[in-house]
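What follows is each chain in one-letter form.
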Amino acid sequence: MAAILRLPGGTRDASEIVEALLVAAQARETTAPELATRWRRIADNIGDALDTLPPPRQDTE
């Protein structure tokens, strides 16, 4: 299943979401390991998608 994620802050916001998912997964590792695994998988998928994006352009004026 694919989804389009549009964020006003662009890749910076997506990177913060990945970091938040990983922190949350670590916090739930002992109390909800299946949920922690799911959050890590989501973070990995978002990170992999970010890695496929072309580098940002730097316009010179």
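Heads up: the structure comes first, above all this text.
Residues numbered from 1 in each chain as written. Predicted model: local features only at pLDDT ≥ 70, side-chain atom pairs only at ≥ 80, totals over all residues. Heavy atoms only, no water.

## Description of the pattern of salt bridges
Per the counting criterion, the structure on display carries one salt bridge. Residues Arg-40 and Glu-29 are paired through a salt bridge, measuring 2.6 Å at the closest nitrogen-oxygen approach. Here Arg-40 is found in helix H2 (residues 33-52), whereas its partner Glu-29 is found in the loop between helix H1 (11-27) and H2, with eleven residues between them in sequence. Note on Arg-40: relative accessible area 29%, which makes it partly exposed. A residue is classified by how much of its surface remains accessible, and Glu-29, at 33% relative accessible area, is partly exposed. (Salt bridge = Lys/Arg side-chain N within 4 Å of Asp/Glu carboxyl O. Helix = DSSP H or I, 4+ residues; strand = E, 2+ residues; numbered from the N terminus. Buried < 20%, exposed > 50% of the residue type's maximum accessible area, 1.4 Å probe, protein only.)

## Structural notes on the nonpolar core
Judged by nonpolar contacts, Ala-14, Val-18, Leu-21, Ala-43 and Ile-46 together constitute the single largest core of five residues. The element that contributes the greatest number of residues to this core is H1, accounting for three residues. Apart from residues no more than four positions distant in its own chain, Ala-43 is found in contact with Val-18, Leu-21 and Leu-22. (Core = buried A, V, L, I, M, F, W, Y, C linked by side-chain atoms within 4.5 Å. Contact = heavy atoms within 4.5 Å.)

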